[in-house]
Amino acid sequence: RAALAAEPDWDPEHTWVFAVGLLEWQHSDIWASFPAAMKNRSDAQLVMLFRDAGVPDEQIVYLQDATATKARVQKRFAEFLDETDEGDFLVFYFAGHGYRDTETNQTWFATYDAGKKDASGWAIRNVFKIIDDHFSGDRALLLADCCHSGALYDEVRKRGDTDVAFATLTSSYSPNTSTGAWTFTNGLLSTFRGR
């Protein structure tokens, strides 16, 4: 019981939130949109929850739909992490489509401009490369609400001991699909709100 009464060690002033939420794509013939999810977007609510909890505006990036092209997401993520310091905490969040090559087990997030070729999306491995190369903090929470999102967990397990302590929460195991109904993100919102 004493552990439950302890103060949490989460400090909004040292938290950096990078969120990408996609409900529509440039190649709508490949990636189905989620028009029913547009109203009261749960990804936007999650970002607002961190803002309301005291994370400074300059420590939050939220790229949505057409602003979330592969080049922009990768560039902005690296620039964002370059601003971090020792002791900082990263919250990474992605919502949208995820896809996987079953032969290589390589997984990608479908950014706004993702096409038919696997490499047109944002490789899960690249998320970790950017963190390794640009993040100065020591803890990262990786969240993803998309099909095959468990690839984040798989990648963390491969890494062993690193300078960054990783935790992952995902909407599915890496070989599995997810829902298009905010099921996972709404669960996060309820949890973070203490419900």
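Residues numbered from 1 in each chain as written. Predicted model: local features only at pLDDT ≥ 70, side-chain atom pairs only at ≥ 80, totals over all residues. Heavy atoms only, no water.

**Regarding the nonpolar core**
Counting 61 residues, the largest nonpolar core has Phe18, Phe77, Phe92, Phe109, Trp122, Ile131 and Leu142 as the members making the most contacts within it. Counting residues per element, this core draws most heavily on strand E3 (residues 89–95), at 7 residues. In contact with leucine 142, not counting residues within four places along its chain, are Phe92, Phe128, Ile131, Leu152, Val156, Phe166, Ala167, Thr168 and Leu169. (Core = buried A, V, L, I, M, F, W, Y, C linked by side-chain atoms within 4.5 Å. Buried < 20%, exposed > 50% of the residue type's maximum accessible area, 1.4 Å probe, protein only. Helix = DSSP H or I, 4+ residues; strand = E, 2+ residues; numbered from the N terminus. Contact = heavy atoms within 4.5 Å.)

**Quick word on the sheet that holds strand E4 (residues 98–100)**
Spatially, the 3 strands line up as an open sheet ordered E4-E5-E6, and their pairing is antiparallel. Across the chains shown, the open sheet's two edge strands, defined by having one partner strand only, are E4 and strand E6 (122–123). Bridge count between E4 and strand E5 (residues 107–109): 3 bridges; the pairing is antiparallel. In the strand pairing of E5, tyrosine 99 is matched with tryptophan 108. (Pairing = 2+ DSSP bridges.)

**Points about the pattern of salt bridges**
Side chains that differ in sign of charge can pair as their charged atoms come close. Scanning the model with the defined rule gives 9 salt bridges in all. A salt bridge links aspartate 65 to arginine 41; its shortest N-O distance comes to 2.6 Å. Remark: arginine 41 occurs in the loop between strand E1 (15–21) and helix H2 (42–52) and aspartate 65 occurs in the loop between strand E2 (60–64) and helix H3 (70–82); sequence separation between them is 24 residues. On the basis of relative accessible area, arginine 41 is assigned to the buried category, the value being 8%. Among the ionic pairs, aspartate 138 bridges to arginine 139, the shortest N-O distance being 3.9 Å. Look at aspartate 138 and you get partly exposed, because its relative accessible area is 34%. The structure contains a network of salt bridges with shared partners spanning Arg41, Asp43 and Asp65. (Salt bridge = Lys/Arg side-chain N within 4 Å of Asp/Glu carboxyl O.)

**As for H3**
Three or four residues apart is the spacing at which side chains of an α-helix point the same way, because the helix has 3.6 residues per turn. Taking 1.5 Å per residue, 13 residues should reach 18 Å; H3 reaches 19 Å between its end C-alpha atoms and fits that length. All buried positions along H3 are accounted for by Val73, Phe77, Ala78, Phe80 and Leu81. An end-on view of H3 places all buried positions within 165 degrees of arc, on one side of the element. The exposed residues of H3 that point more than 90 degrees off its buried face are Ala71 and Lys75. Elements that come into contact with the buried residues of H3 comprise E1, E2, E3, E6 and helix H4 (124–134). (Expected span 1.5 Å × (residues − 1). Arc of directions from axis to C-beta.)

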